[in-house]
Every structure is written in structure tokens, then in C-alpha cells.
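# Remarks on the overall topology
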Amino acid sequence: MDKKRILEIRRISFCYGKTRALDNLSMTIEPGKFYGVVGPNGCGKTTLLDLLIRNKTPESGTIRYSGRDIKEYKRKRLAREIALVPQDFYINFPFTVREIVLMGRHPHIPRFASPSAKDISIVDEIMEKMEIDGFKEKYVTELSGGEKQRVVFARAFAQDTPVLILDEGTSNMDIQYTLKTLDMAAESVRMKKRTVIAALHNLNLAAAFCDNVVFMKSGRIMSQGNVDDALNEQNIKDVFQVDSKVYFDGYSNSKQVVYKRRTQA
């Protein structure tokens, strides 16, 4: 395997009926980096992530993980490699918070075996870091949207995979927990060399946390590269059709984007 590549996406396409969601898309994901995938609604971000987690299969093209076609991986093996925080998490069965987080350890537990002391320790540590240990015995069906998302994040962190995929994973969280969870993801990139791929709407969050940014539009990649280079006024104009100013902000220690309001006629 080329150590500079963990995911290789080659000329993939995918359609919903007659609507083409991804159009001959190619990109390479390097290990140990935080990628932000940005673009307008309907541009194909979620479809791309679903293909990477193998929730969907491309109609053409290939996806290779660690040098092998992703289709060659058994489900349980792939679950030890890639974790997903979905945009929407729905469950109507009354599992407790702790039971949901413990599900993240299932790919590591042998068949018919019980969770080990290590599994329990990992779950307890993650719940404490995510500040959900205070309601660990509460049923997930009783939680607010933001609380539920923190639980799903905790489950993904407990899964302890080389790759973490976030599909608008902070959309229901308030700013305090949005920053906390993205900080935890970024720390895992630095400390564990984890690869994080996050679909984001907020360009300022992408600027603050991501190493690379990928601009998508109409199922294609319009531009990609290092945040310092790719996050610029022209790419934002081309993809989102808005005027903006991009500048370095010393307080946040990152680039920031401000937008020009459209005046009424």
C-alpha cells in the first residue's frame, strides 16, 4: 500500500433514478489529515460519504481502502476501519446511552463473547470526555437532538477506527459541543494519525479544523487542496454563488469567511 494514500476514489458515479448525484468523481485521501467536504445542498456530499462507508455501491468506478477494493472487505472488518457519524440518527427502541456507545465496540468483540474490561474502560472514558456520563442510563429515545448527536459521536469514537467520517455530525449541537467534538476529532488526527472526513456547511468550521478542503458542486469536485490555498473568494463564488472575503483571524488562529449581503432591488 502507498503510505500516502488510505482511500483512492477513481471515476465513481452514482444516480438516484435519472438524477446523477456523483459524476465521474476522483480523489485521493491521505492518512492522518482532517478533510472538509463543502458544497451546496444536493451537491453529492452525503452520497460520497455513503459510498466510502459502503452504505451504497457506485454504479461505476472504484474505491480502494488501504490498497484493496473496498468491496473485498467483510462488514465487520470494515467496521474496524471506518466509523460514521450520520447526519440523522433515528432509533425507536429504548436503548440506554451506555448501550448505544458500547455498540461502537461490537466490531472488536469476538462472536458470542462479552465486552472485555478494555471495552468497558474505553466506553466509560469516551462518555466522560463527551460529557454524557451524567445521563448514561437514560434512554436514547428521551434525549434532545443535540444530546443524541453527542451519543452517536461517542459511539464512533469508541469504535476506535483509523478513519472517521462525519456527515454533518454537529448539525444539532450548540456551539459549545460543536467545538468540543471537532476538537476531539482534530486531536485524534494529531495524536493517533486518524483520518477524518467531514461534510460541513459552515466554512469557518472547515477553516478552523480542517487540513484540506474539497469543494463539491453538482456531483463533481470543483477544487480541492490545503485550506490555506483552496479556501478563497473565487472558489466560494464558483460553488456557492455568493460574494465573500476570506482573511486570517488572529483570535481564532485560522482563516475566516465573511459574506456580502445581497441588497434588495
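One structure accompanies this document, and this report is about it. (Residues numbered from 1 in each chain as written. Predicted model: local features only at pLDDT ≥ 70, side-chain atom pairs only at ≥ 80, totals over all residues. Heavy atoms only, no water.)

What follows concerns the side chain of Arg-194. Examined against the element boundaries, Arg-194 turns out to sit in the loop between helix H6 (175–192) and strand S8 (195–199). Accessibility expressed as a relative area gives 5% for Arg-194, which makes it buried. A polar contact of 3.2 Å, which involves the side chain of Arg-194, links it to the side chain of Asp-160. Ignoring sequence-local partners within four residues, the contact set of Arg-194 consists of Gly-32, Lys-33, Phe-157, Asp-160, Thr-161, Pro-162, Val-163, Leu-164, Ser-188 and Val-189. (Helix = DSSP H or I, 4+ residues; strand = E, 2+ residues; numbered from the N terminus. Buried < 20%, exposed > 50% of the residue type's maximum accessible area, 1.4 Å probe, protein only. Polar contact = N/O pair within 3.5 Å; in protein donor to acceptor, adjacent residues only side chain to side chain. Contact = heavy atoms within 4.5 Å.)

The next thing to look at is the sheet that holds strand S5 (residues 68–69). One open sheet holds the 4 strands; their spatial order is S2-S1-S4-S5, and the pairing between them is antiparallel. At either margin of the open sheet sits one strand with a lone partner, and together these are strand S2 (19–29) and S5. In this structure, strand S4 (residues 60–65) lies alongside S5, joined through 2 bridges in antiparallel fashion. By the bridge assignment for S5, Tyr-65 is matched with Arg-68. In this fold helix H1 (residues 45–52) packs onto strand S1 (7–16), S2 and S4, with an angle of close to 120° to the strand it touches most, S1. (Pairing = 2+ DSSP bridges. Axes fitted to C-alpha atoms, helices over the stretch in contact; angles between N-to-C directions.)

Let us look at the pattern of salt bridges. Here the structure, examined in full by the defined rule, presents 14 salt bridges. A salt bridge links Lys-33 to Glu-30; its shortest N-O distance comes to 2.9 Å. Accessibility expressed as a relative area gives 31% for Glu-30, which makes it partly exposed. Linking Glu-125 and Lys-129 is a salt bridge whose minimum nitrogen-to-oxygen distance equals 3.5 Å. Here Glu-125 and its partner Lys-129 are both found in helix H4 (residues 117–129), 4 residues apart, which amounts to about one turn of the helix. Under the relative-accessibility criterion, Glu-125 is labelled partly exposed at 41%. Members of the salt-bridge network, linked through shared partners, are Arg-5, Glu-8 and Arg-10. (Salt bridge = Lys/Arg side-chain N within 4 Å of Asp/Glu carboxyl O.)

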